[in-house]
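# Per-entry structural report
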Amino acid sequence: AQSVSQHNHHVILSEAASLELGCNYSYGGTVNLFWYVQYPGQHLQLLLKYFSGDPLVKGIKGFEAEFIKSKFSFNLRKPSVQWSDTAEYFCAVNANTGGFKTIFGAGTRLFVKA
Amino acid sequence: GAVVSQHPSRVICKSGTSVKIECRSLDFQATTMFWYRQFPKQSLMLMATSNEGSKATYEQGVEKDKFLINHASLTLSTLTVTSAHPEDSSFYICSAAGQGKNNEQFFGPGTRLTVL
């Protein structure tokens, strides 16, 4: 069965600091990978996704993620965070078997100090 | 883009009553819809997957007689919480996936259910 683990439950950063949120998954086959963001009081939004091709994926708002197949990882990065990046971030995986079932990680709550 | 709506956004009900939550894909045909439950400060837990015109597939530990799911059309799925109890209070989120959407799910805004 698929599982997703996010390494950090809470992260506190100052503005302009660099961000890296870890995500590892367990599934032996081909996967599609996602990062979602949930701002306070809002619903989930897709930040970026990886299906195939270049393992370095660029998303919205300056975020990027790198798929490292050998490490089963899909870490999220941003070189310089802003106060408005305060939110909860979820890594998600679905197996590329033609279905859509997606498993979410536990989430990482990011707080950026102004 | 793809828009998914949920109705109602908030509902408060008495213990023992049933509550129906609707999930609609507004601008695409959703062949598959998902229902999630999110507890405070926790991740989304998949409850069930429904394909249009067929019975829903429930995740382990989710009571299918408690959480009735109907996906009667390509744009509408409903979740009915039957005989609700305070422990059913939660945030329920649906998502929809469809043809041509590259395995991507589009999420609704969620419904906050409070059972008194």
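Structural notes, computed from the coordinates. (Residues numbered from 1 in each chain as written. Chains lettered and ligands numbered in written order. Predicted model: local features only at pLDDT ≥ 70, side-chain atom pairs only at ≥ 80, totals over all residues. Heavy atoms only, no water.)

### Side note on the environment of Glu66(A)
All names here are of chain A.
- By secondary structure assignment, the location of Glu 66 is in strand S8 (residues 64-68).
- Separated by 16 residues in the primary sequence, Glu 66 and Tyr 50 have C-alpha atoms spaced 8.8 Å apart.
- Among the polar contacts made by the side chain of Glu 66, one reaches the side chain of Arg 77 at a distance of 3.3 Å. (Helix = DSSP H or I, 4+ residues; strand = E, 2+ residues; numbered from the N terminus. Polar contact = N/O pair within 3.5 Å; in protein donor to acceptor, adjacent residues only side chain to side chain.)

### Observations regarding the environment of Val57(A)
Residues and elements named next belong to chain A.
- Examined against the element boundaries, Val 57 turns out to sit in strand S7 (residues 56-58).
- C-alpha separation for the pair Val 57 and Phe 72, spaced 15 residues apart in sequence, amounts to 15 Å.
- Sequence-distant contacts of Val 57, defined by excluding residues within four places in its chain, comprise Leu 48, Lys 49, Tyr 50, Phe 63, Glu 64 and Ala 65. (Contact = heavy atoms within 4.5 Å.)

### Side note on the state of the cysteines
- Under the counting rule described, the total for this entry stands at two disulfides over all chains.
- Disulfide pairing is shown between Cys23(A) and Cys91(A); the S-S distance is 1.9 Å. One disulfide, between Cys23(A) and Cys91(A), carries an S-S torsion of -65 degrees and so falls in the left-handed class. Taken together, the positions of Cys23(A) in strand S4 (residues 23-26) and Cys91(A) in strand S10 (residues 87-95) put the pair 68 residues apart, joining distant regions of the chain.
- The disulfide partner of Cys23(B) is Cys94(B), and the S-S distance across this bridge is 1.9 Å. Because the sign of the S-S torsion sets the handedness, a value of about 75 degrees for the bond joining Cys23(B) and Cys94(B) places this disulfide among the right-handed ones. Residue Cys23(B) is located in strand S3 (residues 19-25), and its partner Cys94(B) is located in strand S9 (residues 90-98); the two are separated by 71 residues in the primary sequence. (Disulfide = S-S within 2.5 Å.)

### Regarding the environment of Phe67(A)
Residue and element names in this part refer to chain A.
- By the secondary structure assignment, Phe 67 is in strand S8.
- When its relative accessible area of 12% is taken as the criterion, Phe 67 is described as buried.
- As a C-alpha pair, Phe 67 and Ser 3 span 64 residues in sequence and 16 Å in three-dimensional space.
- Not counting chain neighbours up to four residues away, the residues in contact with Phe 67 comprise Tyr 25, Leu 33, Tyr 50, Pro 55, Ser 73 and Phe 74. (Buried < 20%, exposed > 50% of the residue type's maximum accessible area, 1.4 Å probe, protein only.)

### Here we look at the packing of aromatic side chains
All names here are of chain A.
- According to the stated counting rule, one finds 15 aromatic pairs over all chains in the structure shown.
- A ring pair is formed by Phe 63 and Tyr 89, whose centres lie 5.6 Å apart and whose planes are at 45 degrees; its orientation type is tilted. Residue Phe 63 is found in the loop between S7 and S8, and its partner Tyr 89 is found in strand S10; the two are separated by 26 residues along the sequence. Like Phe 63, the residue Tyr 89 is buried in the burial classification.
- Plain terms: the ring middles of Phe 90 and Phe 104 are 6.5 Å apart, the flat faces sit at 80 degrees to each other, and that makes the pair edge-to-face. Taken as a pair, Phe 90 in strand S10 and Phe 104 in strand S11 (residues 102-104) lie far apart in primary sequence, 14 residues in all. (Phe/Tyr/Trp six-rings, centres within 6.5 Å; stacked < 30°, edge-to-face > 60°.)

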